[in-house]
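# Topology and contacts: notes
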Amino acid sequence: MKMYMPLLTIIFSISSLMAMNDNQRNKRILNDLLSDQKIVLKNISETRDQFFNAASLMTQCNPDEFINDARKLIKEFEEKSPLFFLRECENVTCFLTRSINPEYRTYYAKCVSNALVKKISPKRSVRYAMYGPSLFFQDLVILCQALDKKPDARIHIDAIDPLFESYEKIRTILRKSPKIQLNDYIDCVEFYRKMSVRQIQQKDTLNIEETISSIESGIHQFLRYLRTTFPQATLSLSVHSSALNYCIYGVRNKLQLPDVFVAGDTGGEEGVEFVSLCKHLVTCKPEMYNCAFTKNDSNALIESVCIKNGKVRELSHIINK
């Protein structure tokens, strides 16, 4: 036993050093997320481009081998940026884009994080639902702001986005709950074994390789970063591809309605669906905080739904620079 002690000491020292380096990196990222998010977005964008350049050189093989190789490559690039699959709307023609008018998103994040902080209680878990998170970056900022003030909070996060449709279908075939378990990745061999003939014929529509690698990894990056940066907090995450699936999941599991329900970058049909769902939810839970970050032709807007004089009202106000 004695002969193994030096080796065990070395292994423990290396593990401790790696954990310390991860903690230092996460704190540095947190400081930027709280002060200048453009620094983090720049690092994310550069790392993501480098990853896809490297991934394009990977040898094509069967899906299982390809995904395993992709996961190894993802792990390598997470050493450079642990959040490189996260993003938000970066349309250079949209005046809501952070690189053009960062003050709009700053205002929106402050409104939501302040509301979330007020809802946090030591007596129960708070439910934070986000509609159309566009792979999480905006909501990561909001949650970090809230957790920086309430580091021991208990929050369950529900992410609702059509981007998760293929991922949700794959998890359903594997009989996995919408609730995410870190490091519980999709098993490709099991997935193909459980697919029916009809599902195999439709497998190309599921974008299996891209979904399992980038979508799944982005979800895990988001949750892992929050948990490792705020270890005193109790944080969990469920993903849904539509408002309907979110509601069905909540009813089946007798879950409480959200305390905070928000939508960033919504418009068109998605915006209509969000407002419609808010109208239903506030009639059941009038104290629910809700808001959507959106725009008209010339202004950035915060829109919300409330109960006033016994009637459901839609409110809207302009975000000033």
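Bear in mind the structure is a predicted one, so any value in this text is a computation, not a measurement.

Parameters at a glance
- Residues numbered from 1 in each chain as written.
- Predicted model: local features only at pLDDT ≥ 70, side-chain atom pairs only at ≥ 80, totals over all residues.
- Heavy atoms only, no water.
- Helix = DSSP H or I, 4+ residues; strand = E, 2+ residues; numbered from the N terminus.
- Buried < 20%, exposed > 50% of the residue type's maximum accessible area, 1.4 Å probe, protein only.
- Contact = heavy atoms within 4.5 Å.
- pLDDT = per-residue confidence, 0-100.
- Phe/Tyr/Trp six-rings, centres within 6.5 Å; stacked < 30°, edge-to-face > 60°.
- Pairing = 2+ DSSP bridges.

This paragraph deals with the side chain of S81. If you trace the backbone, S81 turns up in the loop between α3 (63-78) and α4 (102-119). Given a relative accessible area of 2%, S81 falls into the buried group. Ignoring sequence-local partners within four residues, the contact set of S81 consists of N43, I44 and T47.

Further remarks concern the confidence of the model for the chain. Confidence in the prediction for the chain averages 86 pLDDT; 88% of positions are at 70 or higher. Scored below 50 in pLDDT, residues 7-18 makes 0 contacts in the model with residues more than four places away or belonging to other chains.

Right, let's get into the packing of aromatic side chains. For the structure shown, the criterion picks out 14 aromatic pairs. When the centroid spacing of 6.1 Å and the interplanar angle of 70° are considered together, the rings of F52 and F85 count as edge-to-face. Residue F52 is located in helix α2 (residues 37-55), and its partner F85 is located in the loop between α3 and α4; the two are separated by 33 residues in the primary sequence. Note on F85: relative accessible area 3%, which makes it buried. Ring geometry for F261 against F274: centres 4.9 Å apart, planes inclined by 50°, an arrangement best described as tilted.

This next bit is on the pairing of strand β2 (residues 154-160). For β2, the tally of buried residues reaches 6 of 7 residues, placing the bulk of the element in the interior. Summarising the sheet, strand β1 (residues 126-131) and β2 pair through 6 bridges and their orientation is parallel. Residue Y131 lies in a different strand from β2, and its bridge partner there is I160. As judged from the 7 bridges shared by β2 and strand β3 (residues 234-240), these two strands associate in the parallel manner. Along β3, the bridge assignment pairs A159 with V239.

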